[in-house]
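# Secondary and tertiary structure notes
One-letter residues, chain by chain:
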Amino acid sequence: MHRFRLESVALTHYLVKLLLTALLVVLASEVARRTPLFGALLASVPLISVLALTWLYVDTGDAERVASFSTEIFWMVLPSLAFFPLLSFLLRHRCSYYLSLAIALGAMFALYALAIWVRQRLGLRL
């Protein structure tokens, strides 16, 4: 019976994380439909990062792990920033949405790989 309760609590915790995260993503897209500026403001807040950091801390209680994860997020945000202006550029130059998205995502992943390679070459801890 005790094991069942622990599994139930773990499942509830997981479902709360899932629903809260999904709610925030849907909220950002709904706000953007009405007011792109406010939708962009909401989307630009690192919600995924903040939630992931919070869930990591709640799950582990390990502040050092959260600090390390936060540093890793910083390094991965830098190459991801190229995605937005590239997507905007392609869409404004009449490239289809899905092709623009694929190109921008491809460029972003290429920059991720480059960032990881540079960090490894410089001997920075990953």
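What comes next concerns the included structure. Because the structure is predicted, anything quoted here is derived from the model rather than measured. (Residues numbered from 1 in each chain as written. Predicted model: local features only at pLDDT ≥ 70, side-chain atom pairs only at ≥ 80, totals over all residues. Heavy atoms only, no water.)

### A short note on the pattern of salt bridges
- Considering all chains together, one arrives at 4 salt bridges under this definition.
- Here R33 and E30 are joined by a salt bridge, their closest N and O atoms 2.7 Å apart. Of this pair, R33 and E30 both sit in helix α1 (residues 2-34), 3 residues apart, which is roughly one turn of the helix.
- What makes R33 exposed here is its relative accessible area of 62%.
- Judged by its relative accessible area of 29%, E30 falls in the partly exposed class.
- Of the charged contacts, one joins R119 and E72 as a salt bridge, the two residues approaching to 2.9 Å between their closest N and O atoms. Taken together, the residues R119 in helix α6 (residues 97-121) and E72 in helix α4 (residues 63-80) connect sequence positions 47 residues apart.
- For R119, a relative accessible area of 5% corresponds to the buried category.
- The buried category is assigned to E72, whose relative accessible area is 19%.
- Connected through shared salt-bridge partners, E30, R33 and R34 make up one network. (Salt bridge = Lys/Arg side-chain N within 4 Å of Asp/Glu carboxyl O. Helix = DSSP H or I, 4+ residues; strand = E, 2+ residues; numbered from the N terminus. Buried < 20%, exposed > 50% of the residue type's maximum accessible area, 1.4 Å probe, protein only.)

### Examining the packing of helix α3 (residues 47-60) against α4
- In the contact formed by α3 and α4, the axes pass within 9 Å of each other and the chain directions differ by 160°. On the basis of their axis angle, the class for α3 and α4 is roughly antiparallel. Relative to α4, the crossing made by α3 is right-handed. Together, S49, A52, L53, L56, Y57 and T60 of α3 and A63, R65, V66, F69, S70 and I73 of α4 make up the contact between the two elements. (Axes fitted to C-alpha atoms, helices over the stretch in contact; angles between N-to-C directions. Parallel < 35°, antiparallel > 145°, perpendicular 65-115°, else oblique. Left-handed = near helix turned anticlockwise from the far one by under 90°. Contact = heavy atoms within 4.5 Å.)

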